[in-house]
Amino acid sequence: MRNGDGGSDAGPGRIAKKVALYVGLAVCVAFIAWVAWGFFQFDHDIDHPHEGGFSGWQCDAGRDCGS
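Residues numbered from 1 in each chain as written. Predicted model: local features only at pLDDT ≥ 70, side-chain atom pairs only at ≥ 80, totals over all residues. Heavy atoms only, no water.

(A) Geometry of the overall build of the protein chain. Each helix and strand in the protein chain was counted, giving one helix and zero strands. Only carbon and sulfur atoms are counted for the fraction: they give 67% of the accessible area of the protein chain, which is about 5700 Å². (Helix = DSSP H or I, 4+ residues; strand = E, 2+ residues; numbered from the N terminus. Areas by Shrake-Rupley, 256 points an atom, 1.4 Å probe, with all protein chains shown as cover.)

(B) Structural detail: the packing of aromatic side chains. Counted under the stated rule, the structure contains two aromatic pairs. Judged by centre distance (5.7 Å) and plane angle (65°), the rings of Phe-39 and Phe-40 are edge-to-face. (Phe/Tyr/Trp six-rings, centres within 6.5 Å; stacked < 30°, edge-to-face > 60°.)

(C) Layout of a nonpolar patch on the surface. On the surface, a cluster of nonpolar side chains totalling about 350 Å² of accessible area is made up of Ile-15, Val-19, Val-23 and Val-27. By secondary structure assignment, the location of Val-23 is in helix 1 (residues 12–47). (Patch = residues over 30% accessible without salt bridge, like charges linked within 9 Å, V, L, I, M, F, W, Y side chains within 5 Å. Salt bridge = Lys/Arg side-chain N within 4 Å of Asp/Glu carboxyl O.)

Structure follows, in structure tokens:
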């Protein structure tokens, strides 16, 4: 089957473009999921601080925030 410009519908370049599109979409979805996971981790750290961790700045010096 041929398209209007005389080229083949299923050439190697067309397949490569389609694969690149789906790989790009998968990378975008993975990046969005990674950012969302980081947001939820950050939210959890704000709600449940622990000394010595990322959210240790919320604790008083020398006080264990876990108790």
